[in-house]
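A look at the structure
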Amino acid sequence: MTDAIIPNGCKSNGVVENDYFRKGCNPLAETGRSKLQNQRASLNQQIIKEMRMRAGAENLLKATSNNKVRDMVVLELSYVNSNLQLLMEQLEGLNSSVEVYQNLKGTVSIPLIPLGLKETKEVDFSVPFKDFILEHYSEDGANFQDEIDDLMDLRQACRTPSRNEAGVQLLSSYVAHLSLVESRFFTPNRQMGIFFTWYDSFTGVPVCQQNLSLEKASLLFNTAALYTQIGTRSDRQTFSGLEEAIAAFQKSAGVLHQLKETFTHTPSYDMSPAMLSMLIKMMLAQAQECLFEKIALSGIRNEFFMLLRMAQEAAKVGEVYDQVYQSMIQTPIKDNVPFFWSTMAQVKTYHYCSLAHYFVSTALLDHQLKPSDDEDKQEKALSQLYDTMPDGRSPLDILRDKEERRRIGKAHLRRAIMNQEEALRIQGLCRHLRNIDILKDILQASLKRSLAKFEHNTTEGEFTDYMEAPDIISKTEHRAEPELPAATKVKVKDFFHRLGPLSVFSAKQRWTAPRTVRLKMEDRDLGFTLKGDAPVQIQSLDPLCYAAMEGLKEGDYLVAVGDTDCKCMGVSDVIKLLKDVDEEGVDIKVVSMMDSSSQPMPTKSATYSGGLPKTYSMICLAFDDDKNPKARKVAKKPSLLSWGLKNKHKSASTQSLPTGDYSAAMSLHKQSSPLPSAFNDSGLY
């Protein structure tokens, strides 16, 4: 793979660094967001301490029969549970601290809810990876210390990503590296002894596993959380800022949907299917809210059709927030979601429902049907507003009857007022919502506007009509949908590429330790040919050649020629190294694939390589068990360095070979001319 163009992490002042290694944001920077994350990390440590104390006390309670000891343990348990409850409330407070993430420039919008990043403990890959490299790849693990350090630095930077696209790509690059690392070091039938610990975003309960699934899933969750933080910090007073927020929330929903579909039975509750479904709904609801704000940003004209359109758009926002609220109050989600979240969803449900009724009332009260108006168009628009027309009246009757329009318009105003009053009442129930002044101001302003309009359309001594306004059909021209961001799919350079091509040198494949074989030129002949791409394999081995006597086997992978590592070299490059071999010879290193019959069959994946076809090269291996191979009369097969036109008739008389099996056969002599221009990487003319 090639290096992807990935923006690096940012410093505390937001300047992008130009080096390859991502540093993330400065974790010591005194920003509001970093303070919240530091508090979250501290709370997580306290929660795990209290949970360990509770587990120990519960075990002691089960084990002891001494009444005095039991009384002391029960008392201690009550203290521990009280402390845990307080810590959980503090963590809920952090999840309710939305103002820190908002854009503070001229804020006149209802705050949006972001997700906090999951915290994790540090992981040291050094010792397990070095041991595995020595045992599995037969190389000195100390030579790969820099690569291991780079991987650990990248993981550390992912704990404090910058709140922009560079931070998203930082997380995505680590996820891409994890796929490569998993193929290199992790197998289903062996544990590496590396424990990945992540804390639940809502409860702070730690989850620890040895496989990489938890690591990948948690990083996807943090990617979605980072998108929500990008969305909440966008300037929603501009079209560009609203478009950025809409895209961010839709991408967050897309990542959460990918997490839900990819990982099953996740041990962390914040990544359970029920919780992820709720979070997806919440992100799409916030995107839909931003879509409504985008339509209303240029102003809402006091015009009949515009008002009906905005009424249905507002009803759509209220509908999706009602769905979010209904999912939040279901068991067991309601026990873990912050009360602030469910209350905010409920407040927005009533608020946008109130706006929808206010717009309809304004359309009916302020715009009487005139001869110049398009009566048919207004009739069609009004008929699409309700499932059932009020009092069974036809749309045309309502439009033509001034008193009927006024009566239905006032009914919508009464529903608008009741919904705003309910929104204000619910807001007062949550102490975190009470602290958000802008929310209270918006709700009160909407209520005053509805009350003023109701008074304006009420005459003194008028009989009160308690007609119930019908529900408004929700409708939108732009529906928010999950969107999988392209930033989550990045190409990275394998840190451990020096171990060899991943298609062969993976954790699922096993080989013998590297063997040193001495090659010597015999009659301008090395005694074998090469095939395949990096790494190349020995084929068409002459069992009578010097290399075969030294221990070279058919199918061996050539990993070094002299002091030159050639695991990543193709046929043509290896041939250039071998063409200068003289009578004194050169040492090569080869490895043999171990028999896979004693191992579990690997699953089909990018690193799985099927069995090789049985060819003449494999038939030659049958003579290896002969104690005196020279005594057996075997036609000597031309090799890599002696396959010329004059020898073709010999090969035809001894064995009929498929053309494809001579993938690297060519003529190279001491006095031979340079490689022909028609020779390609596959070794074919």
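Thresholds applied
- Residues numbered from 1 in each chain as written.
- Predicted model: local features only at pLDDT ≥ 70, side-chain atom pairs only at ≥ 80, totals over all residues.
- Heavy atoms only, no water.
- Helix = DSSP H or I, 4+ residues; strand = E, 2+ residues; numbered from the N terminus.
- Buried < 20%, exposed > 50% of the residue type's maximum accessible area, 1.4 Å probe, protein only.
- Contact = heavy atoms within 4.5 Å.
- Areas by Shrake-Rupley, 256 points an atom, 1.4 Å probe, with all protein chains shown as cover.
- Salt bridge = Lys/Arg side-chain N within 4 Å of Asp/Glu carboxyl O.
- Phe/Tyr/Trp six-rings, centres within 6.5 Å; stacked < 30°, edge-to-face > 60°.
- Core = buried A, V, L, I, M, F, W, Y, C linked by side-chain atoms within 4.5 Å.
- pLDDT = per-residue confidence, 0-100.
- Pairing = 2+ DSSP bridges.
- Axes fitted to C-alpha atoms, helices over the stretch in contact; angles between N-to-C directions.
- Parallel < 35°, antiparallel > 145°, perpendicular 65-115°, else oblique.
- Left-handed = near helix turned anticlockwise from the far one by under 90°.
- Arc of directions from axis to C-beta.
- Polar contact = N/O pair within 3.5 Å; in protein donor to acceptor, adjacent residues only side chain to side chain.
- Nonpolar A, V, L, I, M, F, W, Y, C, P; charged D, E, K, R; others polar.

**What about the overall build of the chain?**
Check the secondary structure of the chain and you find 19 helices and eight strands. Looking at the 685 residues of the chain, the share that counts as buried comes to 50%. For the chain, restricting intrachain contacts to residue pairs at least 6 apart in sequence, the fraction spanning at least 24 positions comes to 75%. Carbon and sulfur atoms form 51% of the exposed surface of the chain, whose accessible area is close to 32,900 Å².

**Thoughts on the pattern of salt bridges**
Summed over the entire model, instances satisfying the criterion amount to 26 salt bridges. The partner of glutamate 182 in a salt bridge is lysine 216, and the shortest N-O contact between them spans 2.4 Å. Highlighted residues: glutamate 182 in helix H5 (residues 165-185) and lysine 216 in helix H6 (residues 213-233), separated in sequence by 34 residues. Via salt bridges that share partners, Arg393, Asp401, Glu404 and Arg407 belong to a single interconnected network.

**Points about unusual backbone geometry**
The step from threonine 331 to proline 332 runs through a cis peptide bond, and the omega angle for that step is 5 degrees. The phi angle at serine 138 is positive, at roughly 55 degrees, despite the residue not being glycine. With respect to the secondary-structure elements, serine 138 resides in the loop between helix H3 (126-136) and helix H4 (145-157).

**Structural notes on the packing of aromatic side chains**
Per the stated rule, a full pass over the model turns up 15 aromatic pairs. Residues phenylalanine 129 and phenylalanine 185 carry aromatic rings whose centres are separated by 4.0 Å and whose planes lie at 10 degrees to one another, so their mutual orientation is stacked. Of this pair, phenylalanine 129 sits in helix H3 while phenylalanine 185 sits in helix H5, and the two are 56 residues apart along the sequence. Assigned by exposure class, phenylalanine 129 and phenylalanine 185 land together as buried. When the centroid spacing of 5.4 Å and the interplanar angle of 85 degrees are considered together, the rings of phenylalanine 202 and tryptophan 341 count as edge-to-face. Taken together, the residues phenylalanine 202 in the loop between strand E1 (196-199) and strand E2 (206-209) and tryptophan 341 in helix H10 (residues 339-366) connect sequence positions 139 residues apart.

**Comments concerning the nonpolar core**
Grouped together as the largest cluster of nonpolar side chains are 134 residues, with contacts concentrated most on Phe129, Phe185, Leu279, Trp341 and Phe496. By size, the runner-up hydrophobic cluster in this structure holds 22 residues, among which are Leu519, Val536, Leu552 and Ile588.

**Overview of the confidence of the model for the chain**
On average, residues of the chain score 77 in pLDDT, and 76% of them are at 70 or above. At the low end of the mean pLDDT range in the chain sits helix H18 (residues 616-619), at 29; at the high end sits helix H9 (residues 304-328), at 95. A low-confidence stretch, residues 1-23 (pLDDT under 50), is modelled with 50 contacts involving residues beyond four sequence positions or located in other chains. Note that pLDDT drops below 50 for residues 597-685; the model gives that stretch 133 contacts with residues more than four away or on any other chain.

**Focus: the pairing of E1**
Side-chain alternation along E1 places Phe196 and Trp198 on one buried face and Thr197 and Tyr199 on a second face that is also buried. For E1 and E2, the ladder comprises four bridges, and the chain directions are antiparallel. Counted as the bridge partner of threonine 197 is cysteine 208 from E2. In sequence, E1 turns back onto E2 through a hairpin of six residues, with glycine 204 there showing a positive phi of about 75 degrees.

**Topic: the environment of phenylalanine 454**
Along the polypeptide, phenylalanine 454 turns up in helix H15 (residues 437-456). Assessed through its relative accessible area of 21%, phenylalanine 454 is described here as partly exposed. If near-sequence neighbours (up to four positions away) are discounted, phenylalanine 454 is found in contact with Lys410, Leu413, Arg414 and Ile417.

**A word on the packing of H9 against helix H11 (residues 375-383)**
Two numbers describe how H9 lies on H11: the axes approach to 11 Å, and their chain directions differ by 15 degrees. Classified by the angle between their axes, H9 and H11 sit roughly parallel to one another. The two elements H9 and H11 cross, and the hand of that crossing is left-handed. Contacts between H9 and H11 involve Phe304, Phe305 and Leu308 from the first element and Lys377, Gln378, Ala381 and Leu382 from the second.

**A few points about the side chain of lysine 216**
Lysine 216 gets classed as buried once you look at its relative accessible area, which sits at 16%. Once residues lying within four places of it in the same chain are set aside, the contact partners of lysine 216 are Leu178, Ser179, Glu182 and Phe263.

**Thoughts on H11**
Residues of H11 that are buried: Gln378, Ala381 and Leu382. The arc enclosing the buried residues of H11, seen along the axis, measures out at 95 degrees, which places them on a common side. Across H11 from its buried face, at more than 90 degrees, point the exposed residues Asp376 and Lys380. Buried-residue contacts for H11 involve H9, H10, helix H12 (395-400) and helix H13 (402-427). Residue aspartate 374 occupies the N-cap position of H11, its side-chain oxygen lying 3.3 Å from the main-chain nitrogen of aspartate 376.

**Looking at the packing of helix H7 (residues 239-262) against helix H8 (residues 273-297)**
Interhelical geometry of H7 versus H8 gives an angle of 165 degrees and a closest axis separation of 9 Å. On the basis of the axis angle, H7 is roughly antiparallel to H8. Classified by chirality, the crossing of H8 by H7 is left-handed. The class makeup of the residues in the contact of H7 with H8 is 18 nonpolar, five polar and four charged.

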